[in-house]
Amino acid sequence: MVLYFCCRDKRWLKDKPPKSGCQSPVLGAMIDNLEISMIPALVLLPLLLRVAALHYLLGITILTTLPGLVLWYYYATHRRKRRTLFFLTLALYSLAYMYYLFMTEILPRGDVSQLQVCTVTTGMILTIGSLIQTKRGPGVVTPSLLEARSQSQDKDSTHANGAIQSAASSSAGSAAELQTTEATLTTKWSRCPVCKIMRPPRAGHCRTCGSCVQRLDHHCIWINSCVGQTNHRSFLLTLSVFVLTSLYGIKLVLCSLCPRQYLMTALLYCPGVYSQSSTALCFTCAWYSSIVTGGLLYLLVVQVLNISFNVTEREAQLALRNKTGQSRLWGLVIDTGEYSRGFYQNWVEFLTMTDASVSPRSSLTDLV
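Described below are features of the structure shown in this document. (Residues numbered from 1 in each chain as written. Predicted model: local features only at pLDDT ≥ 70, side-chain atom pairs only at ≥ 80, totals over all residues. Heavy atoms only, no water.)

### Section: the packing of aromatic side chains
Scanning all chains against the criterion turns up ten aromatic pairs. Geometrically, the ring pair formed by Tyr93 and Tyr97 is stacked, given 6.3 Å between the ring centres and 10° between the ring planes. Remark: Tyr97 and Tyr93 occur in helix H5 (residues 86–106); sequence separation between them is four residues, near one turn of the helix. Overall, Tyr97 belongs to the buried group, its relative accessible area being 11%. The interplanar angle of 75° and the centroid separation of 6.2 Å between the aromatic rings of Tyr274 and Phe283 together place this pair among those described as edge-to-face. Here Phe283 falls in the buried class, since its relative accessible area comes to 5%. Ring-pair connections join several aromatic residues into one group, and the members of that group are Tyr73, Tyr74, Tyr75, Phe86, Phe87 and Trp222. (Phe/Tyr/Trp six-rings, centres within 6.5 Å; stacked < 30°, edge-to-face > 60°. Helix = DSSP H or I, 4+ residues; strand = E, 2+ residues; numbered from the N terminus. Buried < 20%, exposed > 50% of the residue type's maximum accessible area, 1.4 Å probe, protein only.)

### Some words on the environment of Thr208
You can see Thr208 is positioned in the loop between strand E3 (204–206) and strand E4 (211–213). Along the chain, Thr208 and Lys81 lie 127 residues apart, while their C-alpha atoms are 9.1 Å from each other. What Thr208 contacts, discounting residues up to four positions off in sequence, is Arg82, Arg83 and His219. (Contact = heavy atoms within 4.5 Å.)

### Quick look at the packing of helix H9 (residues 232–257) against helix H13 (residues 343–352)
In the contact formed by H9 and H13, the axes pass within 8 Å of each other and the chain directions differ by 105°. Viewed along their axes, H9 and H13 adopt a mutual orientation that is roughly perpendicular. Contacts between H9 and H13 pair His232, Arg233 and Leu236 from the former with Trp347, Phe350, Leu351 and Thr352 from the latter. Class assignment for the residues of the contact of H9 with H13 results in four nonpolar, two polar and one charged. (Axes fitted to C-alpha atoms, helices over the stretch in contact; angles between N-to-C directions. Parallel < 35°, antiparallel > 145°, perpendicular 65-115°, else oblique. Nonpolar A, V, L, I, M, F, W, Y, C, P; charged D, E, K, R; others polar.)

### A short note on the pattern of salt bridges
A full pass over the atoms with the stated rule returns five salt bridges. Across the salt bridge formed by Asp111 and Arg109, the nearest N and O atoms sit 3.8 Å from each other. When its relative accessible area of 36% is taken as the criterion, Arg109 is described as partly exposed. Among the ionic pairs, Arg341 bridges to Glu349, the shortest N-O distance being 3.7 Å. One salt-bridge network, held together by shared partners, links Arg202, Glu315, Arg341 and Glu349. (Salt bridge = Lys/Arg side-chain N within 4 Å of Asp/Glu carboxyl O.)

Encoded structure:
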């Protein structure tokens with residue numbers, strides 16, 4: 001009997017509950033993904049914002065230390081976790097809490113029209129919808145991908161041979177286009193040293209997710225997923241819609257709380273806003289939203305610049321490490337000069353995710 005309870009205690013300490021034959025697979029998956037350590041953070045966030053609304057000095061202190069507190073709490077409770085829902089849950093909770101305050105505190109003041117409310121609500125819905133689309137997957141490399149690619153190349157080579165013969169008989173000025181077609185058809189894949197599978201050019205292995213991703217850009221902790229070929233466009237859409245909606249919501253809040261102040265100076269000086277607890281809380285949340293929006297706006301700018309130069313974040317970091325890239329625009333983007341074909345063609349390739357201009361000299365190592 002003692003041995004039995006000791007075994008049960010060891011299983012409990014290792015967070016491995018004994019398996020039960022009557023347990024539902026769905027329930028088991030929910031229990032495995034449940035992170036109890038996120039609950040204190042979700043409870044403390046509105047509490048800290050209300051404390052910060054008591055006085056502007058408290059607001060400055062708490063809002064400036066809040067990012068450090070979040071990171072400290074994350075490393076203290078999630079140090080051994082490879083993948084985590086902590087940041088995604090925190091972001092969604094913050095978004096819902098800001099929208100709740102907007103509807104319960106700002107809307108009753110009568111300074112916001114129904115059209116403006118519909119605009120903010122539509123932005124919220126579009127943000128959630130594009131986030132769901134982003135979470136569907138980055139495009140994981142599978143062993144069957146090479147076989148499908150080979151079959152596609154066989155069909156393309158047949159059509160390309162006919163195109164080459166007709167083009168050679170009609171005009172000699174299309175030599176560059178024919179070379180590009182041949183280079184695309186003869187693209188060489190590489191073997192991942194971790195997954196031991198063949199992967200296409202610009203793919204990379206993510207150690208957090210434990211798989212190779214097509215056209216890997218980076219692993220985003222805020223969505224708990226990689227950003228790759230399949231979800232990169234929806235990720236950019238999520239950032240754009242969120243930043244625009246957040247900026248518009250902050251504008252409406254400041255115009256309601258500080259109608260006599262200019263929008264650019266309302267965040268710095270809004271007289272009488274701390275006279276009531278509700279207005280002070282909304283003003284503090286406007287500051288909190290501004291900090292979050294500023295960080296995501298920087299990420300959005302970097303993403304747009306990387307797309308304009310046709311470079312992924314992974315390739316930019318590798319170029320910095322190997323000292324093979326050139327810093328552009330005050331270090332906001334690293335130009336590798338390997339895949340770029342000009343601003344217009346780079347965006348066309350991103351929006352259509354074509355595999356043109358694949359360089360055979362690419363031999364990138366894994367970053368993450």
